[in-house]
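# Architecture at a glance
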Amino acid sequence: PIRAGEALVPGQLITQDEAQPPGVQQAPVTDVLLQGMHAQARRYATGMLVSTPMFRGMLSNGESQEFQAMLQPMRCFKLIGVGGPTVTDLDLMLFAPSGSLLQKDTANDSFPVLGTDQPLCPTSPGAYRVRVRMYRGAGEFAVQIFHTR
């Protein structure tokens, strides 16, 4: 289960349960990106496993940043992005190893998600390119990838 204040680590199962043992107080979460990732993972990736650590960065309005993710066949994936408090609109795109655009989330929000409307289930392994674009706003962001069991 995911617990407030703890990073989501590869291989961890995402559940709705955040129960604490009786008498144990939860420490306040001061990492806004981690808190946002916990909320979005519970919303969009319940029952999935964490594939990657959180990729973090900082962008100004209109800037983009890319990173590679090794995706394997026989699994389906979801990519979740979260923006910090000064981010108004964050976009996320996934490109195949060939360079073709597979999916994009360009909704007007600060938490893009890929793999919800259409499953992301690669047929071949490879280095897939993830592009994060700060469409409106500026500040820090995080992206994490989750996969089916």
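The preceding data block contains the structure.
Here the structure is a predicted model, which means the values were calculated and not measured.

Right, let's talk about helix 1 (residues 32–44) for a bit. Taking 1.5 Å per residue as the helical rise, helix 1 with its 13 residues ought to reach 18 Å, and the 18 Å between its terminal C-alpha atoms agrees with that figure. For helix 1, the set of buried residues is Leu-33, Leu-34, Met-37, His-38, Gln-40, Ala-41, Arg-42 and Tyr-44. Packing partners of the buried residues in helix 1 comprise strand 2 (55–59), strand 4 (77–83), strand 7 (113–114) and strand 9 (139–147). Capping the start of helix 1 is the job of one residue whose side-chain oxygen sits 3.1 Å from the backbone nitrogen of Leu-33: Asp-31.

What follows is about the state of the cysteines. This structure, assessed with the given rule, holds 1 disulfide. Paired by a disulfide, Cys-76 and Cys-121 hold their sulfur atoms 1.8 Å apart. Between Cys-76 and Cys-121, the S-S dihedral sits near 105°, and the bridge is therefore right-handed. Of this pair, Cys-76 sits in the loop between strand 3 (64–71) and strand 4 while Cys-121 is found in the loop between strand 7 and strand 8 (126–137), placing the two residues 45 residues apart along the sequence. Overall, Cys-121 belongs to the partly exposed group, its relative accessible area being 36%.

So, about the pattern of salt bridges. Counting across every chain of the model gives 3 salt bridges. The residue Asp-31 makes a salt bridge to Arg-56 at a minimum N-O spacing of 2.6 Å. One end of the pair, Asp-31, is in the segment before helix 1; the other, Arg-56, is in strand 2, with 25 residues separating them in the sequence. Owing to a relative accessible area of 41%, Arg-56 belongs among the partly exposed residues under this scheme. Of the charged contacts, one joins Glu-66 and Arg-129 as a salt bridge, the two residues approaching to 2.9 Å between their closest N and O atoms. Within this pair, whereas Glu-66 is found in strand 3, its partner Arg-129 is found in strand 8, the two being separated by 63 residues in sequence. Overall, the relative accessible area of 36% leaves Glu-66 in the partly exposed class.

The next subject is the environment of Asn-108. Tracing the backbone through its elements, the reader meets Asn-108 in the loop between strand 6 (101–105) and strand 7. Non-local contacts of Asn-108, meaning those with residues more than four positions away in its chain, are made with Thr-88, Asp-89 and Arg-136. Here Arg-136 takes part through its side chain, which lies 3.1 Å from a polar atom of the side chain of Asn-108.

Pairing is antiparallel in the open sheet, where 4 strands are placed in the order 3-8-5-6. Only two strands of the sheet have a single neighbouring strand rather than two, namely strand 3 and strand 6. With direction set aside, neighbouring strand axes in the sheet form an average angle of 20°. Where strand 3 lies against strand 8, 8 bridges are found, and the strand directions are antiparallel. Note that in strand 8 the partner of Glu-66 across the bridge is Arg-131.

Criteria and thresholds
Residues numbered from 1 in each chain as written. Predicted model: local features only at pLDDT ≥ 70, side-chain atom pairs only at ≥ 80, totals over all residues. Heavy atoms only, no water. Helix = DSSP H or I, 4+ residues; strand = E, 2+ residues; numbered from the N terminus. Expected span 1.5 Å × (residues − 1). Buried < 20%, exposed > 50% of the residue type's maximum accessible area, 1.4 Å probe, protein only. Contact = heavy atoms within 4.5 Å. Polar contact = N/O pair within 3.5 Å; in protein donor to acceptor, adjacent residues only side chain to side chain. Disulfide = S-S within 2.5 Å. Salt bridge = Lys/Arg side-chain N within 4 Å of Asp/Glu carboxyl O. Pairing = 2+ DSSP bridges. Axes fitted to C-alpha atoms, helices over the stretch in contact; angles between N-to-C directions.

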